[in-house]
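# Close look at the chain arrangement
Residue-level listing of the chains:
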Amino acid sequence: MTSDRPDLIAGEQATMRQSANLPSFIGSPWVHCDTDAIRAHGAKAVFLGVPFDQATVYRSGSSHGPRGVRSASEAYLSYLGEYDIDLFEEFRLIDCGDVPIVPANAARSRAAIADYVGRILDAGAFPILVGGDHSIPIPAMDAVSARVEGKVGFLHFDAHLDCQPDVAGERFTNWSGVARAVERDNVDPANVALVGIRGALNPPEQFRFVRDHGLTVYTMREITRRGIADVVTEALDRVTDGTEAFYITWDTDVIDASAMPGTDGPEPGGLTSAEALRAIELVGARKPIAMDIVEITPAYDPSGISTRLGCYLIFNVLGGWATGGEPRRG
């Protein structure tokens, strides 16, 4: 017997379930992730959940990140007083639900991520992906690279280099995002910057990869010595030098574990929350084409400070976008 029931992993069904049962990000309108629908709403910025953690090589659980950030956002307003903007008025901010992830099929899930990011870009909006593990920029960059004529810069905030060519033969992992980025025809290694690197989980072969490809690394020691604004400004100059657009990927473990315990690979000695918010504010002022915030893992942080900080990363990138990185108050 033929069934008329719709495919339960289709994007329409996922969005219907979410809008019926879950809060959207800061109460923004639910809009199906369809180019015409996004354009019709006039959205300039889009929250897109990516509940995918099938490519992690460490602890799992970041698939619950989008839900956690949405839940935390119920505490907040759309008005940001320091910037004197309302996100609904300034960006027509919407929530396009979650990318429909296919259980146990990473390749099809990556294809869906690229497809959904592409729909948002085609509508002329800024996709803000909330994950999910740090393999997400690989398919997201598929969508970006296919739509940009000219060079694309790549800005990577992380405690870890993520320059592993493969993990036991697997090329698509949360340890391989930078390695895949520099393989693209329209990504020049001179336009790739890695910010916040530190700790004892960066193997020698990844440092060799950095040297062999001429990548620029800003360690936490350098940030401590020079200051966050100076380093991030220089990194932004590098990724925007001669490029048509740049992509930012933000691994939450770049932030010190005391302020971001709910992440896949928490590390001490990282950015303070204030440094992180200033950094992403400066990034927003340069208007990236797309961004992700990944590896938020709510189960490891019952206090909820990690998901709240995740909300503020979004607030500050949009605040920086609207004001050129200089808040109007304070």
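Residues numbered from 1 in each chain as written. Predicted model: local features only at pLDDT ≥ 70, side-chain atom pairs only at ≥ 80, totals over all residues. Heavy atoms only, no water.

## Some remarks on the sheet that holds strand E9 (residues 245–251)
- Spatially, the eight strands line up as an open sheet ordered E4-E1-E5-E10-E9-E6-E7-E8, and their pairing is parallel. A single partner strand is all that each edge strand has here, and the edge strands are strand E4 (94–98) and strand E8 (216–219). Taking the axes of each pair of neighbouring strands and ignoring which way they run, one obtains an average angle of 15° across the sheet.
- Bridging between strand E6 (residues 152–157) and E9 involves six bridges; their strand directions are parallel. Across the sheet, the residue bridging to His-156 is Thr-249, located in E9.
- Contacts between helix H6 (residues 137–147) and the sheet are confined to strand E5 (126–131), E6, E9 and strand E10 (290–294), with E9 contributing the most and set at about 165° to the helix.
- Packed on one face of the sheet, helix H12 (residues 305–323) meets strand E1 (45–50), E5, E9 and E10 and runs near 165° to E5. (Pairing = 2+ DSSP bridges. Helix = DSSP H or I, 4+ residues; strand = E, 2+ residues; numbered from the N terminus. Axes fitted to C-alpha atoms, helices over the stretch in contact; angles between N-to-C directions. Contact = heavy atoms within 4.5 Å.)

## Section: the nonpolar core
- Grouped together as the largest cluster of nonpolar side chains are 54 residues, with contacts concentrated most on Leu-155, Phe-157 and Trp-250.
- Looking at which element gives the most residues to this core, the answer is H12, with eight residues.
- Apart from residues lying up to four places away in sequence, Phe-157 is in contact with Val-195, Val-232, Ile-248, Thr-249, Trp-250, Asp-251, Val-254, Ala-279 and Val-283.
- The next biggest cluster of nonpolar side chains, apart from the first, holds 47 residues, and it includes Ala-43, Ile-113, Val-148 and Ala-179. (Core = buried A, V, L, I, M, F, W, Y, C linked by side-chain atoms within 4.5 Å. Buried < 20%, exposed > 50% of the residue type's maximum accessible area, 1.4 Å probe, protein only.)

## Things to note about the pattern of salt bridges
- Counted according to the given criterion, the structure contains 15 salt bridges.
- A salt bridge links Arg-180 to Glu-183; the shortest N-O distance between them is 2.8 Å.
- In this structure Arg-180 comes out as buried when scored by relative accessible area, which is 5%.
- In this structure Glu-183 comes out as partly exposed when scored by relative accessible area, which is 43%.
- Among the salt bridges present, the one from Arg-226 reaches Glu-234, with a minimum N-O distance of 2.8 Å.
- With a relative accessible area of 34%, Glu-234 lands in the partly exposed category.
- Among the charged side chains, a network of salt bridges with common partners joins Glu-222, Arg-226, Asp-230 and Glu-234. (Salt bridge = Lys/Arg side-chain N within 4 Å of Asp/Glu carboxyl O.)

## Focus: the layout of surface pockets
- Volume-wise, the second largest pocket comes out at about 160 Å³.
- Tyr-58, His-160, Asn-174, Trp-175 and Leu-201 are, among the 14 residues lining the second largest pocket, the residues nearest its centre.
- Looking at the lining of the second largest pocket, its residues break down into four nonpolar, four polar and six charged. (1 Å grid on protein atoms, 1.4 Å probe; cavity = no way out; pocket = protein on both sides within 12 Å on 5 of 7 lines; lining within 4 Å. Points joined across faces, edges and corners; volume = space filled by probe spheres on them. Nonpolar A, V, L, I, M, F, W, Y, C, P; charged D, E, K, R; others polar.)

## Looking at the pairing of E6
- Taken across its six residues, E6 has six buried, putting it largely inside the fold.
- Side-chain alternation along E6 places Val-152, Phe-154 and His-156 on one buried face and Gly-153, Leu-155 and Phe-157 on a second face that is also buried.
- Here E6 pairs with strand E7 (residues 192–197) via four bridges, running parallel. The residue bridging Leu-155 from the neighbouring strand is Ala-193, located in E7.

## Digging into the pairing of E10
- Counting buried positions over the five residues of E10 gives five, a clear majority of the element.
- Across the two faces of E10 the burial is the same, with Ala-290, Asp-292 and Val-294 and Met-291 and Ile-293 all buried.
- Sheet topology places E5 next to E10; three bridges connect them, and they run parallel. Paired with Ile-128 across the bridge in E10 is Met-291.
- Of the strand pairs in this sheet, E9 and E10 are connected by five bridges, and their pairing is parallel. The residue of E10 that forms the bridge with Trp-250 is Ile-293.
- In this region the chain leaves E9, passes through helix H11 (residues 273–285) and returns to the parallel neighbour E10; the handedness of that crossover is right-handed. (Right-handed = clockwise from strand over helix to strand, strands pointing away.)

## Some points on helix H8 (residues 204–213)
- All of the buried residues in H8 are Gln-206, Phe-209 and Val-210. All buried residues of H8 lie within an arc of 100° about the axis, which places them on one face of the element. Away from the buried face of H8 by more than 90 degrees, exposed residues Pro-204, Arg-211 and Asp-212 are located.
- Next to the buried residues of H8 lie helix H7 (177–181) and E8. (Arc of directions from axis to C-beta.)

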